[in-house]
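Analysis of the macromolecular model
Below, each chain spelled out in residue letters.
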Amino acid sequence: MNKDDDILVVKNIFKVFGDRPQEALKMLEKGADKDEIFKKTGQVVGVFDASFSVKRGEIFVIMGLSGSGKSTMVRLFNRLIEPTSGSIYLNGKEITGLNDKQLLDVRRKEMSMVFQSFALMPHMTVLENAAFGLEISGVAEQERNTRAREALAQVGLAGHEYSYPHQLSGGMQQRVGLARALANDPSILLMDEAFSALDPLIRTEMQDELIRLQAEQQRTIIFISHDLDEAIRIGHRIAIMEGGRIVQVGTPQEILNNPADAYVETFFKNVDSSKVLRAGDVARFESEIVVRQTNGATPDVPAIPYAFMVDNDGRFLGLLDNCAGRGEGPRQLAPKDLSVVAFDTPLHDVLGLAAAVPYPLPVVTREGALHGTISKDSLLKSLSRH
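The following refers to the structure shown. (Residues numbered from 1 in each chain as written. Predicted model: local features only at pLDDT ≥ 70, side-chain atom pairs only at ≥ 80, totals over all residues. Heavy atoms only, no water.)

Points about the environment of Phe-52
Looking at where Phe-52 falls in the secondary structure, it is placed in strand β2 (residues 44-55). On the basis of relative accessible area, Phe-52 is assigned to the buried category, the value being 8%. Setting aside its immediate chain neighbours within four residues, Phe-52 contacts Leu-8, Val-9, Val-10, Phe-60, Ile-62, Met-73, Phe-77, Ile-246 and Val-249. (Helix = DSSP H or I, 4+ residues; strand = E, 2+ residues; numbered from the N terminus. Buried < 20%, exposed > 50% of the residue type's maximum accessible area, 1.4 Å probe, protein only. Contact = heavy atoms within 4.5 Å.)

Structural data, given as structure tokens:
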């Protein structure tokens, strides 16, 4: 992705709570930490010099422990709270300087928010709750009901339009809250600990629903969570926060393989890496076991048990079994006769395959090129590092 894919850009955002924010900022410039600032001034540093961007059509998870600043951060995006300094850009336009009317338009048309509490009106039907934001925006009844029905269908609540919140399960109530946000057709969906109050099974179900909606509609979703498993499961990229700072931004695989510091490393310490890493993350391209076919001729096979054959463009053509010690020539196996692993295959799904075949597993890209191979030894070593 390039910068043109950025839908939200955050530049040097600070948020200080208190009546002497400029004094706190000056102390921050001189190297003071948030604890020292609070002790000397009573000012609370919520966000410290945050800079990052969110890509169009991704699920971007901001996570950290309690007090890390993650919920403060999401409220800065739609200016439910005002930044002390810094800039936020939406679709290339700065929103930190908007007046009240312009900001209201952004909230109504560009951003919708789903909170941890369902915040449904108990005296309203499901349809009325889903259409409530549109009603506040002045949308005509027929149009808002049509859009609300469509949003309810998207989250699997078609047929429940005339039920009341007390007649629904917790998961269904949160679906109504999600439908209310979707009815506005926002550029960005903000979700603050949206599934935290749900039972584990319902929570997993809602995570699946969110992943499905994002895949179908290519929505941009910023999701706040304190749950690492949830962040890894749904996030295309994750921003780790500590003490108001953005410590690291990256895919789950990038962060697991290259943690920015000891805090992030500790955070990911107990993660099952086989569920995070992909085959392509651990495959290694070893040129000594790769041979190229030229003009359709089977190349000479080096004196090793197995070699992997590619064409001049690097596309995987098959495996050459040297049949060492059996007095036979090399045997060629086509990809259809092999266990071939796609680059994006979760490592957890590779474990059984690696144990079942005698040869290293070939890992190929979407274009069919040989990315590398995974042997039993390399797989075990990779898992043991994490």
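Moving on from the model shown.
Considerations on a nonpolar patch on the surface
On the surface, a nonpolar cluster with roughly 260 Å² of combined accessible area is contributed by Phe-17, Phe-38 and Val-44. In this structure, Phe-38 sits in helix α2 (residues 34-41). (Patch = residues over 30% accessible without salt bridge, like charges linked within 9 Å, V, L, I, M, F, W, Y side chains within 5 Å. Areas by Shrake-Rupley, 256 points an atom, 1.4 Å probe, with all protein chains shown as cover. Salt bridge = Lys/Arg side-chain N within 4 Å of Asp/Glu carboxyl O.)

Re the pairing of strand β17 (residues 370-374)
Taken residue by residue, a regular strand's side chains alternate between the two faces of the sheet. Burial analysis of β17 places 4 of its 5 residues in the buried class, the great majority of the element. As defined by bridge partners, strand β16 (residues 361-364) adjoins β17 across 4 bridges and the pair is classed as antiparallel. Looking across to β17, one finds that Pro-362 is bridged to Thr-373. Here β16 folds back onto β17 in antiparallel fashion, the turn holding 5 residues, of which Gly-368 has a positive phi close to 90°. (Pairing = 2+ DSSP bridges.)

Observations regarding the sheet that holds strand β4 (residues 85-90)
The 4 strands lie next to each other as β2-β1-β4-β5, forming an open sheet whose pairing is antiparallel. Each having just a single partner strand, β2 and β5 (93-94) make up the two edges of the open sheet. Sheet topology note: the β4/β5 ladder contains 2 bridges and is antiparallel. Paired with Leu-90 across the bridge in β5 is Lys-93. On the sheet, helix α1 (residues 21-29) packs against β1 (6-17), β2 and β4 and is oriented at approximately 105° with respect to β1. (Axes fitted to C-alpha atoms, helices over the stretch in contact; angles between N-to-C directions.)

Some thoughts on the pattern of salt bridges
This model, assessed by the stated rule, comprises 22 salt bridges. As a salt-bridge pair, Lys-40 and Glu-36 come within 3.1 Å of each other at their nearest N and O atoms. You can see Lys-40 and its partner Glu-36 sitting in helix α2, 4 residues apart, about one turn around the helix. The exposure class of Lys-40 is exposed, given its relative accessible area of 57%. Overall, Glu-36 belongs to the partly exposed group, its relative accessible area being 32%. Among the salt bridges present, the one from Asp-208 reaches Arg-233, with a minimum N-O distance of 2.5 Å. You can see Asp-208 sitting in helix α9 (residues 200-217) and its partner Arg-233 sitting in helix α10 (residues 228-234), a full 25 residues away along the chain. Here Asp-208 falls in the partly exposed class, since its relative accessible area comes to 38%. Each of Arg-175, Glu-205, Glu-209, Arg-212 and Glu-216 takes part in salt bridges that share partners, so that together they form one network.

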